[in-house]
Structures are given as C-alpha cells and as structure tokens.
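The chain contents come next:
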Amino acid sequence: MGAAMRRIHVGNALSAFGLGFTVPYLYVYVAQVRGLGSVTAGLVLAVFAVAALIVLPFAGRAIVRRGPLPVLLVALVTAALGAMSLGLSASAGTVLLSAAALGAGQAVMQPALATMIVDCSTTETRSRAFAMQFFLQNLGLGVGGLIGGHLVDISSASSFTLLFAIEAAMFLVLVAVMASVRAPRAPRIEEAPGQSAGGGSWKQLLGNRAMVQLCVLGFVLFFACYGQFESGLSAYGVEAAGISTSALGTALAANTLMIVVAQFAVLKFVERRKRSRVIASVGLIWAVAWAVAGYAGLGHGSQTMATAAFISTYALFGLGEAMLSPTLAPLVADLAPTGLAGQYNSAFALVKQLALAIGPAVGGPLGASLHGPYIVAFLLFSLGITVLAVRLGRQLTDVQNQPSLARSRVVTQGGAPADAVVAAEA
C-alpha cells in the first residue's frame, strides 16, 4: 500500500470506530434516555434512510465534478455537527434535524471513500484494498460498540452525550487525516454544451446493462441479508426460536468474528475465481443459512440446539459477506467509465440504502408473526441471488468477471514478457 491508501484505510477504521459508539444505542437514547418515545425513535431511524436517499444522487455528481476528497471532507464535518448536536438534543425537532445531518454525512462518506480507493488502486490490487476496507470497518464497529457499551449508563444522559462527542471527535480527526491524502488525480468529466454532467452521467449509467443488472442484484443482496439482521431475523429469533437477548448479541458477535477471521482466508480463493460465480456461491451459502434459521425456529429441537443453529445462521451470513467485500465494490469500479467512478459508487450506495430502508419494513412484521413464510421467502431470495449472478456473468467481459486473467496475459511468448513483444512489433 502507498501512503495515500494507508491513510484511507485509517480513515475507514476511524469512521467505523466512531459509529460503533452510538449505532447500537440510538433507539434507547431517543426513546428512553431523552423520553421521546418509541415513535420518535422509529422516526429517527427512518430519517437516516431518507437523508441518505436524498443526498446520494447529488453526491455522485459532486464527486465526478469536484473529486472525492472535497466531498468527503464536507460530509465528515456535516456528520460531526450532526453527532454532537444529537448528543445535546432534548426535543423531537432537534433530534430529527440532527439525525438528518448525521445520516446525510454518513451516506456520502461511503461513495467518496470508495472512489478514493479506486483512484489509489489498480485492477489487480482493488479486490485486496476493498477487502481490507471491509475488515477494518467491521473491526472498528465491533471495538467501538464494545467500548461504548462499557461507557454508557441508561440513567445518565451525559454518558450518551459523551458517546456522541467521541463520535464527532472521530469524524474531525478523520478530517485531519484525510486532508493530508495526496491521491492520484482522476480524470474529470466536463459538462457538454446544453447538458449537465450529472444528467449525462446518469443516462450513461442507466444505459449500461451490466451496471443495471448489478444494481438489481445488489438490491436483492442487501434486502435479503443486511436488511434483516436487526429487524426480521432478530424478531424471528426471539418470537419463533425463543432466542434470548444475550444470545442475539452473541449471534451478532459471531457474524463480526467470522468476517474478521475469514476475510483474508477467502481472499485468495475469491481472487482466482469469476466474480459472478463467487456471488452465485454466496447466494447458495445464504440459502443454507436461512435453512438453518428455519431449523432454529421451526425444527422443535432443544433450546440449546435452536440457539446454536441461530448463531450459526449469523456466522454463515458473515462468511458470505467476507466473500462479497472483495467482489462487489471492485466490480462497480471496473464497470465505471473513466472519470465516473464516483457516480457509479453513489448509484450503488443509493441502491444499498433503498434496500436497507425497505428490508426492515418488510422483514420485521413478517419475521415476528409469519415464521414459516418468512423463512421460505428469504430462502428463495437467496436462491434468486444465485440466478441473478449467473445472468450478470453473461454481461461482463472476461477481465471484468475475472481480473486475474489480465495478469496471466502479461507473460510469455517465447519466454519474453508481453510488453517486450509489443515493443518489438512496434
């Protein structure tokens, strides 16, 4: 890694560390500590999703025209102000406005940082770079949540203010770290006469069949996995499988632990395979995970077996996530034309946020009351991931689907490097 990439990875870890302090306790803080009730707490969580959906289309245009670093710095300052304000807010109005600022800043960070990783990597190193990003994000969230859990006191509003202050401080430290990054200058797309750069780039994106299919696949991936973790699947576990809250926490920890342990173990396997086949295999792994969850809630075994099966479900999801992290984001980058990586990253982040907004709304009530249909539906969604991935593979070039082929073509003809052969022919 170069100095710029090291700073970007430090930035990813710091932002995740800051978020880990507050994300697990946001509902309790608003509903109980500030005494604003469950309705306001639910609105705060909805505001995060709505703010992201509003700002992401504009974020892509800004990244294309201004570059990812200025956009990232603005997003960090906005998120820091939102976090600090949220920690000091005592009324519903100020809590919702603060959540909107924090949610918008967080949402824009994702495509900005992803575009910086694209600018500082090559096709050959990109999978490893995004795997490192995902590893550090999960590690930061886990460590932040662990420390935050020891600092927080539900009877003391000041302890929550401290958590939000730490989160805001992490964002400001990240501003200082990222301001020193000297990333390669990516080509910019200039506005054509009579046409805005944003409008033209969105039209170009929608005309890219492979990218459109990847967005559809991404929606199903995030809807069927991430959108269920803290909503439908947890409700199903408590209601159908009788899982205790402590066991639910253990399941979430098993998910994070699997990612941290497996990330680099699966990386070499993933790098040598076609991306479409890797995603297709994730769909099969997640189908097994849903089947195991079905046993936990519907198998009528012992409570110990049900708990073990439920924890295994989260671990299997973590294995799939570890396989996706070096696959999805690099594929988005490789599909983007020169200068439009920010637009494509923002579009994919928008699809992700949409899935994360709809997933809990659909999965929560279904998982809590219709246990059998819930499992069957999401098992079918997982198999659908496999089908969509195979179809996507037909739209990709050989190198887009398997970047390792680019390296294998750079070697030998009569023992001479391919570059030398091309130079001799010229």
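See the structure printed just above.
In this text, all values refer to a predicted model and were calculated from it rather than measured experimentally.

Any aromatic ring pair is given by two values, namely how distant the centres are and how the planes are angled relative to each other. Counting across every chain of the model gives 15 aromatic pairs. Feature note: the residues F219, F223, Y236, W286, W290, F317, Y374, F378 and F381 constitute an aromatic cluster, connected by ring pairs.

For the rest of this paragraph, the subject is the pattern of salt bridges. Under the definition given, this model contains three salt bridges. When the shortest N-O distance is used, the salt bridge between E271 and R128 registers 3.1 Å. One end of the pair, E271, is in helix α11 (residues 245–271); the other, R128, is in helix α6 (residues 126–151), and 143 residues separate them in sequence. Classification of E271 by relative accessible area gives buried; the value is 17%. A salt bridge links R275 to D334, with the nearest nitrogen and oxygen atoms 2.8 Å apart. Residue R275 is located in helix α12 (residues 275–298), and its partner D334 is located in helix α14 (residues 328–335); the two are separated by 59 residues in the primary sequence. Salt bridges linked by common partners bring R126, R275 and D334 together as one network.

Here we come to the side chain of N208. Here N208 shows up in the loop between α8 (197–206) and α9 (209–224). In this structure the side chain of N208 is engaged in a polar contact, spanning 3.2 Å, whose partner is the backbone nitrogen of A210. Separated by 3.4 Å, the side chain of N208 and the backbone oxygen of L335 make a polar contact.

What follows concerns empty space enclosed by the protein. One pass over the structure, following the stated rule, counts one cavity of 30 Å³ or more. Of the pockets and cavities examined, the largest cavity occupies roughly 90 Å³. Around the largest cavity sit 12 residues that line it, and S127, V270, E271, P403 and S404 are the ones nearest its centre. Breaking the lining of the largest cavity down by element, the ones donating at least two residues are α11 and α18 (404–408). Among the residues making up the lining of the largest cavity, the classes are represented as three nonpolar, four polar and five charged.

Parameters at a glance
- Residues numbered from 1 in each chain as written.
- Predicted model: local features only at pLDDT ≥ 70, side-chain atom pairs only at ≥ 80, totals over all residues.
- Heavy atoms only, no water.
- Phe/Tyr/Trp six-rings, centres within 6.5 Å; stacked < 30°, edge-to-face > 60°.
- Salt bridge = Lys/Arg side-chain N within 4 Å of Asp/Glu carboxyl O.
- Helix = DSSP H or I, 4+ residues; strand = E, 2+ residues; numbered from the N terminus.
- Buried < 20%, exposed > 50% of the residue type's maximum accessible area, 1.4 Å probe, protein only.
- Polar contact = N/O pair within 3.5 Å; in protein donor to acceptor, adjacent residues only side chain to side chain.
- 1 Å grid on protein atoms, 1.4 Å probe; cavity = no way out; pocket = protein on both sides within 12 Å on 5 of 7 lines; lining within 4 Å.
- Points joined across faces, edges and corners; volume = space filled by probe spheres on them.
- Nonpolar A, V, L, I, M, F, W, Y, C, P; charged D, E, K, R; others polar.

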